Amino acid sequence: MSRFLRKAFETLDVYVPGEQPRDKKYIKLNTNESPFPPSREVLDAVAAEAASLQLYSDPECTALRQTAAEQFGLQPENIFCGNGSDEVLNFAFMAFCDESKGMAFPAISYGFYPVFGDLYGLDCTAVPLCGNFTIDPADYFGLNKNIVIANPNAPTGLLLGIEQIRAILDNNRSNLVIIDEAYIDFGGKSCLPLIAEYDNLLVVQTFSKSRSLAGARLGFGFAQPEIIADLNRVKYSTNPYNINRETLAAGEAALRSQSYYDANCRTIMDNRDYTTEALRALGFEVLPSKANFIFARHSAIGGNELYLSLKEKGILVRHFSRPEISDFVRITIGTLAQMQTLVDAVRLILSQGGN
Ligand SMILES: *Cc1c(COP(=O)(O)O)cnc(C)c1O
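The rules behind the values
- Residues numbered from 1 in each chain as written.
- Predicted model: local features only at pLDDT ≥ 70, side-chain atom pairs only at ≥ 80, totals over all residues.
- Heavy atoms only, no water.
- Axes fitted to C-alpha atoms, helices over the stretch in contact; angles between N-to-C directions.
- Helix = DSSP H or I, 4+ residues; strand = E, 2+ residues; numbered from the N terminus.
- Left-handed = near helix turned anticlockwise from the far one by under 90°.
- Contact = heavy atoms within 4.5 Å.
- Parallel < 35°, antiparallel > 145°, perpendicular 65-115°, else oblique.
- Nonpolar A, V, L, I, M, F, W, Y, C, P; charged D, E, K, R; others polar.
- Domains from an automatic or database assignment.
- Buried area = accessible area lost by both parts, 1.4 Å probe.
- Pairing = 2+ DSSP bridges.
- 1 Å grid on protein atoms, 1.4 Å probe; cavity = no way out; pocket = protein on both sides within 12 Å on 5 of 7 lines; lining within 4 Å.
- Points joined across faces, edges and corners; volume = space filled by probe spheres on them.
- Buried < 20%, exposed > 50% of the residue type's maximum accessible area, 1.4 Å probe, protein only.
- Near = heavy atom within 4 Å.
- Polar contact = N/O pair within 3.5 Å; in protein donor to acceptor, adjacent residues only side chain to side chain.
- Areas by Shrake-Rupley, 256 points an atom, 1.4 Å probe, with all protein chains shown as cover.
- Sits in = over half its atoms within 2 Å of the grid points.
- Salt bridge = Lys/Arg side-chain N within 4 Å of Asp/Glu carboxyl O.

Quick look at the packing of helix H9 (residues 303-312) against helix H10 (residues 336-351)
Part 1: In contact at an axis separation of 10 Å, H9 and H10 are set at 115° when each is read in the N-to-C sense. In this structure, H9 crosses over H10, and the sense of that crossing is right-handed. Contact residues: H9 offers Leu-306, Ser-309 and Leu-310, while H10 offers Leu-342, Ala-345, Val-346 and Ile-349.

Pasting the structure below:
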């Protein structure tokens, strides 16, 4: 820390990304990336775009927003493009929260929400989950805060239905409700259709999970035009060229390869079913996930111990040390072969008494 850092930043709890180790080759089931490469069309589009890198990218993301509008049945004015959905969330915290209006979110959810809250010095409310790790919409009524909820939630994988989201929106007419749909393509139902009805709804999606573009950094915000204009106000005050040329080309091509990504999502859902069943047969409790990961625990081995034993065997999963969930591991769903290797390793670890 230098002596120049502003006071308020001295105590920031920064976001800690999942490990990206370089010491050896792991089966990487720890950061919810897709096990499948981008589509052929995406690879070709990115290669072609490289020849124009001397030119700035389109700050309005015109072609990508037009393509997305057609695909999602919206207008381009309903769409904001971010450098990853993390940037959309960051801009939303910046644009819509202040001393008088903080943010509420589930106490166990995406780790970036409290980090943004901290960064902007907001009064945040971490709303406890129910005993079975579900979210009760009624807990989000009358808080007088903006709200952000990941649906499905992370790291639980549990999904809220549209009517539950609607209840939260109806009871928060004076607050912005952000629904972070990072994992919606793995069996959930998007609440995008609700943006026509609710001027207090911002839906956030990402290309990082279902569309195999985590390394390209691209996310969407969907809302009524006034909300999108506010996000642009922040964007044009920080980084007008927030999406680079190659990523714009990749995103547009990805939207045009929808059937390829749909098939990948179906494979991942099948592999999720396989892994859930196999781990339950080994005595695990596995929460019913609608995401590309599962959250599981076993009474005979702690979460950290299982994480370490799997790492030793070349398989990376994610462990969270906070007490309410420290007996769980979060396992990203990969290819069937990867999941079979994982299940075999887990079986061996359990048979050796957890070591
Ligand atoms: C992965 C993830 C994001 C961030 O996605 P990027 O688009 O890669 O920034 C946002 N929200 C949740 C809940 C996530 O799991």
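The structure having been displayed, the exposition proceeds.
A word on the packing of helix H3 (residues 85-96) against helix H4 (residues 112-119)
Part 1: Interhelical geometry of H3 versus H4 gives an angle of 40° and a closest axis separation of 10 Å. Relative to H4, the element H3 is oriented oblique. Handedness of the H3/H4 crossing: right-handed. From H3, Asp-86, Leu-89, Asn-90 and Phe-93 reach across to H4, where they touch Phe-112, Tyr-113, Phe-116 and Gly-117.
Part 2: When its residues are assigned to classes, the contact of H3 with H4 shows five nonpolar, two polar and one charged.

A short note on the domain arrangement of the protein
Part 1: Here the protein is partitioned into domain 1 (7-36 + 259-351) and domain 2 (40-257).
Part 2: Here the C-alpha centroids of domain 1 and domain 2 sit 24 Å apart.
Part 3: Facing 33 residues of domain 1, the contacting portion of domain 2 comprises 30 residues.
Part 4: Each partner contributes to the roughly 2,500 Å² buried at the junction of domain 1 and domain 2, and carbon and sulfur atoms together form 66% of this total.

Points about the sheet that holds strand S3 (residues 103-106)
Part 1: An order of S2-S8-S7-S6-S5-S3-S4 is seen for the seven strands of this open sheet, with the pairing classed as mixed. The sheet is open, and its two edges are formed by strand S2 (79-82) and strand S4 (125-127), each paired on a single side. Neighbour-to-neighbour, the strand axes of the sheet open up by a mean angle of 20°, direction not taken into account.
Part 2: As paired elements, strand S5 (residues 146-150) and strand S6 (residues 177-180) share four bridges and run parallel to each other. Note that in S6 the partner of Ala-150 across the bridge is Asp-180.

Thoughts on the layout of surface pockets
Part 1: For the largest pocket, the calculated volume is near 1,100 Å³.
Part 2: Taken together, 42 residues form the lining of the largest pocket, with Tyr-15, Val-16, Tyr-110, Gly-111 and Arg-318 sitting closest to its centre.
Part 3: Residue assignment for the lining of the largest pocket shows that the elements contributing at least two residues are H3, S3 and H4.
Part 4: It is H4 that contributes the most residues to the lining of the largest pocket, four residues altogether.
Part 5: Three or more residues apiece are contributed to the lining of the largest pocket by two domains, here domain 1 (7-36 + 259-351) and domain 2 (40-257).

A closer look at the pairing of strand S10 (residues 293-297)
Part 1: The buried fraction of S10 amounts to four of the five residues, a majority that puts the element mostly inside the structure.
Part 2: Relative to S10, strand S9 (residues 285-286) runs antiparallel, the two sharing two bridges. By the bridge assignment, Glu-285 is partnered in S10 with Arg-297.
Part 3: Count of turn residues in the S9/S10 antiparallel hairpin: six residues.
Part 4: In terms of strand pairing, S10 meets strand S12 (residues 328-332) through five bridges, oriented antiparallel. The residue of S12 that forms the bridge with Phe-293 is Thr-332.

Here's the deal with the pairing of strand S8 (residues 219-222)
Part 1: Because side chains alternate across S8, one face comprises the buried residues Gly-219 and Gly-221, and the other comprises Phe-220 and Phe-222, equally buried.
Part 2: Here S2 runs beside S8; their pairing, made up of four bridges, is antiparallel. Paired with Ile-79 across the strands is Phe-222, a residue of S8.
Part 3: Bridge analysis of strand S7 (residues 201-206) against S8 gives four bridges, and the strand direction is antiparallel. Looking at S8, one finds that Val-203 is bridged to Phe-222.

Focus on the side chain of Ser-85
Part 1: Mapped onto the secondary structure, Ser-85 falls in helix H3.
Part 2: Setting aside its immediate chain neighbours within four residues, Ser-85 contacts Val-204, Gln-205, Thr-206, Leu-218 and Gly-219.

So, the site of the ligand
Part 1: Every residue lining the ligand is accounted for by Gly-84, Ser-85, Asp-86, Tyr-110, Asp-180, Ala-182, Tyr-183, Thr-206, Ser-208, Lys-209 and Arg-217.
Part 2: The separation between a nitrogen atom of the ligand and a polar side-chain atom of Asp-180 is 2.6 Å.
Part 3: Against a free-state accessible area of 390 Å², the protein chains account for coverage of 92% of the ligand.
Part 4: Structurally, the ligand is housed in the largest pocket.
Part 5: In terms of residue class, the shell around the ligand is made up of three nonpolar, four polar and four charged.

Side note on the pattern of salt bridges
Part 1: Tallying each qualifying case throughout the model produces 17 salt bridges.
Part 2: The residue Asp-123 makes a salt bridge to Lys-145 at a minimum N-O spacing of 3.6 Å. Within this pair, whereas Asp-123 is found in the loop between H4 and S4, its partner Lys-145 is found in the loop between S4 and S5, the two being separated by 22 residues in sequence.
Part 3: We note a salt bridge from Arg-297 to Asp-327, for which the minimum N-O separation is 3.1 Å. Here Arg-297, found in strand S10, pairs with Asp-327, found in the loop between strand S11 (315-316) and S12; they are 30 residues apart in sequence, far enough to count as distant.

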